[in-house]
Amino acid sequence: MRDLIEEIFNGLAAPFYFGQILVQKRDDDGLVLLHRDDESLDQLQRYQDAENAIEIAKYDDAGNYRPLKTAPNLRHGWRLELATVDELRRALDYFYPSRLAVFAAWKKGCLKTTALRETLDRQSGMYRVAAKISDPQINDLVADFCRSDSGCLRTILWKRDRNGVIASTKLPKEKFDPGVDQVMAACSRRPAGDARASHSEAATVPLLCQEPCNLLVAECRKVVKGESA
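Residues numbered from 1 in each chain as written. Predicted model: local features only at pLDDT ≥ 70, side-chain atom pairs only at ≥ 80, totals over all residues. Heavy atoms only, no water.

Visitor: Please provide a residue-by-residue account of the pattern of salt bridges, values included.
Guide: The final tally for this structure, using the stated rule, is 16 salt bridges. A salt bridge links arginine 46 to glutamate 81; its shortest N-O distance comes to 2.8 Å. Of this pair, arginine 46 sits in strand 4 (residues 45-47) while glutamate 81 sits in strand 5 (residues 78-82), and the two are 35 residues apart along the sequence. Judged by its relative accessible area of 10%, glutamate 81 is buried. A salt bridge links arginine 90 to glutamate 51, with the shortest nitrogen-to-oxygen separation between them at 2.9 Å. Highlighted residues: arginine 90 in helix 3 (residues 85-95) and glutamate 51 in the loop between strand 4 and helix 2 (52-56), separated in sequence by 39 residues. A residue is classified by how much of its surface remains accessible, and arginine 90, at 26% relative accessible area, is partly exposed. Residue glutamate 51 is classed as partly exposed on the basis of its relative accessible area of 31%. What you see here is one network of salt bridges that share partners, running through Arg26, Asp28, Arg46, Arg79 and Glu81. (Salt bridge = Lys/Arg side-chain N within 4 Å of Asp/Glu carboxyl O. Helix = DSSP H or I, 4+ residues; strand = E, 2+ residues; numbered from the N terminus. Buried < 20%, exposed > 50% of the residue type's maximum accessible area, 1.4 Å probe, protein only.)

Here it is in structure tokens:
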């Protein structure tokens, strides 16, 4: 898999977006990462180590822990300067774990997806009850939990079941299209005048979702147990 990642990654030319991150080239051939909302700002906290991405990604602007790294709440106010492509690859993997590998597999046509029902059916212990969730409940839950503007920036590739039923009919079609920038798609549904995303001309590397995450499985359990709506 590393060879796949290197082949795809080395073909990327900055500037490009990766979730809420903007990657740019520096004049000295180095690279800089920053929150895409902060592109026009000068007073940003400066970092110069790929491992700094771990701390940057840990909390949101209010200081709350971010259990889901692909949630649209990456904190602002930082600038990460890196010298090499390898450091950039490591930093992006800290920001969005495994998403680069998933993207590489998808580009090569070898990415496998897992349906939600299949994921739920293989749960054990306290999560076994999650498989009892009904289709209407799934439809509502996925629409709320996975929505790009407040839930998750991943593009959904998995289906609800092995019959290929869409994950949720209540999500916009753009949520399932790898060619759509989920950050910009979310911004387009915000009130007029709320411009929180930059408008640079840059390519977008999608954050792909090949299977339901553990957090969604936990939410399915809560719905069945009546712990959430």
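Visitor: Outline the environment of lysine 159, listing residues and values.
Guide: Note that lysine 159 resides in the loop between strand 6 (155-156) and helix 7 (182-187). Put simply, lysine 159 and arginine 117 are 42 residues apart on the chain and 8.5 Å apart in space, counted from C-alpha to C-alpha. Excluding its chain neighbours within four sequence positions, the residues that come into contact with lysine 159 are Ala115, Leu116, Gly164 and Val165. (Contact = heavy atoms within 4.5 Å.)

Visitor: I'd like a rundown of unusual backbone geometry, residues and numbers included.
Guide: With a phi close to 70°, serine 98 is a non-glycine residue in the positive phi region. Relative to the assigned elements, serine 98 resides in the loop between helix 3 and helix 4 (99-107).

Visitor: How would you explain the nonpolar core if you had to name every residue and give the values?
Guide: If you look at the biggest cluster of nonpolar residues, it comprises 29 residues, and the most contacted ones within it are Ile21, Leu33, Trp78, Leu80 and Phe95. Those elements that provide at least two residues to this core are strand 1 (16-18), strand 2 (21-25), strand 3 (31-35), helix 2, strand 5, helix 3 and helix 4. Looking at this core element by element, the count peaks at 4 residues for helix 3. Membership of the second largest hydrophobic core comes to 21 residues, among which are Ile133, Leu141, Ala143 and Phe176. (Core = buried A, V, L, I, M, F, W, Y, C linked by side-chain atoms within 4.5 Å.)

Visitor: Could you give an account of empty space enclosed by the protein, with specific residues and numbers?
Guide: If a probe as big as a water molecule is rolled over the atoms, it shows which places are left empty. Under the counting rule described, the total for this entry stands at 2 cavities of 30 Å³ or more. Of the voids in this model, the largest cavity is the one considered here, and its volume is about 100 Å³. For the largest cavity, the full set of lining residues is Leu68, Phe145, Cys146, Cys152, Arg154, Ile156, Trp158, Lys175, Cys209, Cys213 and Leu216. In terms of residue class, the lining of the largest cavity is made up of 9 nonpolar, no polar and 2 charged. Space inside the second largest cavity adds up to approximately 70 Å³. In this structure, the second largest cavity is lined by Gly19, Arg36, Leu153, Thr155, Val180, Asp181, Gln182, Val183, Thr204, Val205, Pro206 and Leu207. The set of elements that each furnish at least two residues to the lining of the second largest cavity consists of helix 7 and strand 7 (203-205). For the lining of the second largest cavity, the per-class residue count stands at 6 nonpolar, 4 polar and 2 charged. (1 Å grid on protein atoms, 1.4 Å probe; cavity = no way out; pocket = protein on both sides within 12 Å on 5 of 7 lines; lining within 4 Å. Points joined across faces, edges and corners; volume = space filled by probe spheres on them. Nonpolar A, V, L, I, M, F, W, Y, C, P; charged D, E, K, R; others polar.)

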